[in-house]
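# Residue-level structure breakdown
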Amino acid sequence: MKKIKLTITVNGKKHTLRIAPNLRLLDLLRDELRLTGTKEGCGIGECGACTVILDGKAVNSCLVLAGRCDGSEIITIEGLARDGALHPLQQSFIDHGAVQCGFCTPGMILSAKALLDENQRPTEKDIRVAIAGNLCRCTGYKQIVQAIQTVADREKTP
Amino acid sequence: MDPVTSTIGKSLPRVDAREKVKGTAMYAGDIYMDGMLFARVKRAEHPHARITSINTSKARRLKGVAAVATAKDIPGEKTFGAVIQDNKPIADDKVRYLGDAVAIVAAESEAIAEKAVSLIDVGYEVLPAVFDPREALKPGAPEIHEGGNLIAHHMTRKGDVEAGFNESDIIIKRSYTTQMVEHSYIEPECVVAYFQPDGTLVVKGSHQNIYSIRSAVSRFMGLPLSKVRIIQACLGGSFGGKDDCMSVLGCRAGLLSLLTGRPVKLTNSREDSIIESYKRHPYFLKYKVGVKKDGTIMAMEIEMTADGGAYACQTPFVTWRSVVHATGPYRVANVKTDVYGAYTNNTYTGAFRGFGSPQITFAYESLMDEIAGELGIDPLDLRLSNALRDGDITATGQELDHTVSVSEALKVTTEAAAWNEKRSSFPENNASRTKKRGIGLACSYRGVALGAEGVDATGAIVRVHSDGSVDISTGLVEMGQGLKTVFSQIAAGELGVPIERIHYLETDTSTITDGGPTVASRSTIMGGAAVRKAAIGVREKLFRAAAEKLGASPQDLAAADERIFVRNDPDKAIGFLDAVTLALDGGMHLSSFAWHNSPPIWWSEKEGRGAAYFTYVYGCQVAEVEVDIETGKVDVIHVWAAHDVGKALNPDAVNGQIYGGVAMGIGYAILEEVELVDGVTKTVNLDEYLIPTAMDVGMMDAFILENEDRCGPYGAKCIAEPTAELCGGAIANAIFHATGKRLRELPINLERVVLGHKLVKKKRRVR
Ligand code: FES
Ligand code: FES
């Protein structure tokens, strides 16, 4: 298969790569860039473990062809902490016991971030809708919803 | 501060959360090694067939293929198994279900390996198959393994059931069935196998039970146990599910690594995982119960058959747990229970959070409501009047010598849920509505740890280093439940140091002796006790070193806040680190290994009785539902869950277990089913196999009950499993309350009843 050229910014860093046209964004991140915080749980867009933020929107990277992302900006879980300081959502997940096995956590946090970037005053329902595409088998979601709500509440009070 | 209270009972944040929220935690799939090959599996094409030929030549010739292996290449034994050695990582003579492997391939990429698999030709002689365990036990049924299809039969016998029925005012007979369900850990199974230069085979993977996997791999590879090293990668959920199927993956990847001399990664896709990995047993349950008009249960006669699928796996133990608990947490003078486990050509079944209890709890708690209905007694009152109390004798003849808190759990949850009010107001309000509310409950008792299933013992090592840092190792594994955190809390508490000093070592069979499996909710009570003993062992050495300096005797010392001090004169103290230095300079070693054995228990298979478990936990869940009788949709509005954990060492972690277990129970009650048609899995990915999303679980309230138990560290017992066994019954009962329809089959697809056919599953994805 003929390779195609791709320029992509991941977590603020620009990469120019030659890739197979059928490469999924998920594989580009994991296999090529070794950003393994993005997980694969189903490969068909159902579990959300592969969620990343593509040009501001949360997407399932297992459903996106890498070749379509030329010129795009991507944020993965590895891009959230700044200079060793955790992102408020990351800290809140720890504080609320919202992490068990952790396999859903990166995708969950990125879906939450995409929500809060767009809607600073989400209701509980908004939060549940925003993470409805992120399956978690461990937590029953309650502490995850609380973790996200707490960050939202903190950010909206001036 | 008392050393113990400084960390025990505190909701300290998880010690492994930071790497998980940062995305840097290393799960098995995140391991990449130089020269690593990728493996794929050629699966059976019939649920039951004799293999007549395998042609791999085309696959071998494909560019990029490094090895193709069949059963002929196995260096050691072809089988493994916890109880019965019948599981085959690569089938040789026959295939017994569609998840069986016939051949395996290692190649430079997954795509090449996949292509090679499609080039393998297998010839079969198709054999008659059987898919219903009750049929499988009839004479003349197709034999799946030599010696017949019965995997296990257990019984309990107490009193005289005929006499009990004769004294009863009414007799009720009911049948219930439960479905096959999938663990659905979000991380599918994965291993990476490679050889160390000294010839040791290393298998890193998403392992739940490193020692059972080591036994299987050693047997299969013909290597001594000492030359097989199983390392657990960060585990993306397990719930009982990553045991035998990880042995299978480990054997296959190990063999391919042997044949190629290179590291081999074998990752199951979600489809592979659902088709191949073992499941929770479907049960067929028949209950006959005799009761007095006042609700007193006089006798129970129970017969159930579990579908074991193609391999025995944990069926002998799962069915044993069912036989012990079959009557539920009630005083029943006369009991006769028989449980059978049978081979079929379905996907095999094994350990799954609950382990033979979600099935029976659904049945006996539905039955209790049916009895209450017949007698016109409130379901809560019926339970309270029959519930086990302190000192009572269980169905297996065991006297309960601890605090029996089933009534407490019933009261706490029903009060919080406003049970009495809702039981009467809902039916009135429902009359004019199409969305009907209902409230129902279920309670249970549950034997803690392995019970008389087998030897129950485990070990821990605690080491203090010269800089005052501490590491712990045990053979028990973190799988998300919070074991690393709780064990670190125990060690920190006993040594009087902050939890940050404690490091929990990677779980590796080469670091510590076999401490049994991380199952049966045994970690806290067994492993926690071992960690505590080991930490105390090290602390005693520090006290000896400090005593001289402080002019006191070691027995008078205590440790807290990084100080060692005289208990009655706390100003007389030295720093923790100084004590460490003193001890090391004095030639002591600051490490301690401790072993913890469970208190004695026994079981007689022949008589069907015994003291099955050394202690029990009790719980109750109340569910409120809303049923749309036009669409059949069931919304779980609210679940109240009370669980006696003995003592909550980390309340937040306990709550997390409760919420997660409730969500799993909701899925079991109304959503989940692995649909098998003639052995073919129809629900192969998460678009068809539906687990609860954040929209499917309603409100949840957890109530932690604490009745400290003499058997556990600090009085702690367990939590993980009981949380997942109650929602089936509670929701079924709530649906009955809402609609008047008694559904005796899980999952409750109300659409069948309401519309007369099954609704097409809709896509749930929001985005
Ligand atoms: S792996 Fe992409 S949604 Fe599951
Ligand atoms: S924490 Fe395990 S899947 Fe969410």
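Residues numbered from 1 in each chain as written. Chains lettered and ligands numbered in written order. Predicted model: local features only at pLDDT ≥ 70, side-chain atom pairs only at ≥ 80, totals over all residues. Heavy atoms only, no water.

## Quick word on the domain arrangement of chain B
Residues and elements named next belong to chain B. Taken domain by domain, chain B holds domain 1 (3-25 + 457-597), domain 2 (31-127 + 186-237 + 242-276) and domain 3 (283-451 + 605-758). Centre-to-centre separation of domain 1 and domain 2, based on C-alpha positions: 38 Å. In this assembly, 19 residues from domain 1 lie in contact with 14 residues from domain 2. For the pair domain 1 and domain 2, the summed buried surface comes to about 1300 Å²; carbon and sulfur atoms form 54% of the total. Between domain 1 and domain 2 we count one salt bridge in total. (Domains from an automatic or database assignment. Contact = heavy atoms within 4.5 Å. Buried area = accessible area lost by both parts, 1.4 Å probe. Salt bridge = Lys/Arg side-chain N within 4 Å of Asp/Glu carboxyl O.)

## Re the sheet that holds strand β7 (residues 150-158) of chain B
Residues and elements named next belong to chain B. Spatial strand order, β7-β15-β14-β13-β8: five strands in an open sheet with mixed pairing. For this open sheet the edge positions go to β7 and β8 (170-177), each flanked by a neighbour on one side alone. Ignoring which end each strand starts from, the neighbouring axes of this sheet average 5° apart. Across the sheet, helix α10 (residues 315-325) is in contact with β7, β13 (283-291), β14 (297-309) and β15 (334-343); its angle to β7 comes to roughly 20°. (Pairing = 2+ DSSP bridges. Helix = DSSP H or I, 4+ residues; strand = E, 2+ residues; numbered from the N terminus. Axes fitted to C-alpha atoms, helices over the stretch in contact; angles between N-to-C directions.)

## A closer look at the domain arrangement of chain A
Residue and element names in this part refer to chain A. Each assigned domain of chain A is listed with its residue range as follows: domain 1 (4-79) and domain 2 (88-156). Taking only C-alpha atoms into account, the centre of domain 1 sits 21 Å from that of domain 2. Each partner contributes to the interface: domain 1 provides 16 residues, whereas domain 2 provides 13 residues. Of all residues in domain 1, the largest losses of buried area upon contact with domain 2 belong to Thr51, Ile53 and Ile77, amounting jointly to 39% of the total for that side.

## Quick look at the interface of chain B and chain A
Contacts between the two partners involve 56 residues from chain B, matched on the other side by 50 residues from chain A. Between chain B and chain A lies a buried interface of about 4300 Å² when both sides are counted; carbon and sulfur atoms form 57% of it. For the pair chain B and chain A, the number of links is four salt bridges. Between Glu672 of chain B and Arg137 of chain A there is a salt bridge, and its shortest N-O distance comes to 2.8 Å. Going through the elements one at a time, α2 (17-22), α9 (270-276), α18 (651-671) and β28 (699-705) of chain B are the ones with two or more residues in the side of chain B that touches chain A. The element that contributes the greatest number of residues to the side of chain B that touches chain A is α18 of chain B, accounting for eight residues.

## Some thoughts on the pairing of strand β3 (residues 51-54) of chain A
In regular strands, side chains alternate between the two faces of the sheet. Residues and elements named next belong to chain A. Burial along β3 is two-sided: Thr51 and Ile53 and Val52 and Leu54, pointing in opposite directions, are all buried. In this antiparallel pair of consecutive strands, β3 and strand β4 (residues 57-60), the connection spans two residues, and Asp55 shows a positive phi of 45°. Where β3 meets strand β5 (residues 73-75), two bridges bridge the pair, whose relative direction is antiparallel. Note on β5: the bridge partner recorded for Ile53 is Ile75. (Buried < 20%, exposed > 50% of the residue type's maximum accessible area, 1.4 Å probe, protein only.)

## Some remarks on the packing of aromatic side chains
Residues and elements named next belong to chain B. In total, this model carries 14 aromatic pairs over all chains according to the counting rule given. The interplanar angle of 35° and the centroid separation of 5.4 Å between the aromatic rings of Trp320 and Tyr613 together place this pair among those described as tilted. Of this pair, Trp320 sits in helix α10 while Tyr613 sits in the loop between β23 (591-597) and β24 (616-628), and the two are 293 residues apart along the sequence. Summarising the burial analysis for this pair, Trp320 and Tyr613 share the class buried. Through a chain of ring-to-ring contacts, three or more aromatic side chains come together here, namely Trp320, Tyr445, Trp603, Tyr613 and Tyr616. Above the face of the Tyr185 ring, Lys242 is positioned so that its terminal group lies 4.2 Å from the ring centre. Lying across the ring of Phe736, Arg742 places its NZ or CZ 4.4 Å from the centre. (Phe/Tyr/Trp six-rings, centres within 6.5 Å; stacked < 30°, edge-to-face > 60°. Lys NZ or Arg CZ within 6 Å of the ring centre and 35° of its normal.)

## With respect to unusual backbone geometry
Residue and element names in this part refer to chain B. Cis geometry is adopted by the peptide bond preceding Pro747, which originates at Leu746 and carries an omega value of -5°. Locating Pro747 in the fold gives a position in the loop between α19 (727-739) and α20 (750-755). The backbone of Cys313 sits at a positive phi, close to 45°, despite the residue not being glycine. With respect to the secondary-structure elements, Cys313 resides in the loop between β14 and α10. For Glu562, which is not glycine, the phi torsion reads 60° and is therefore positive.

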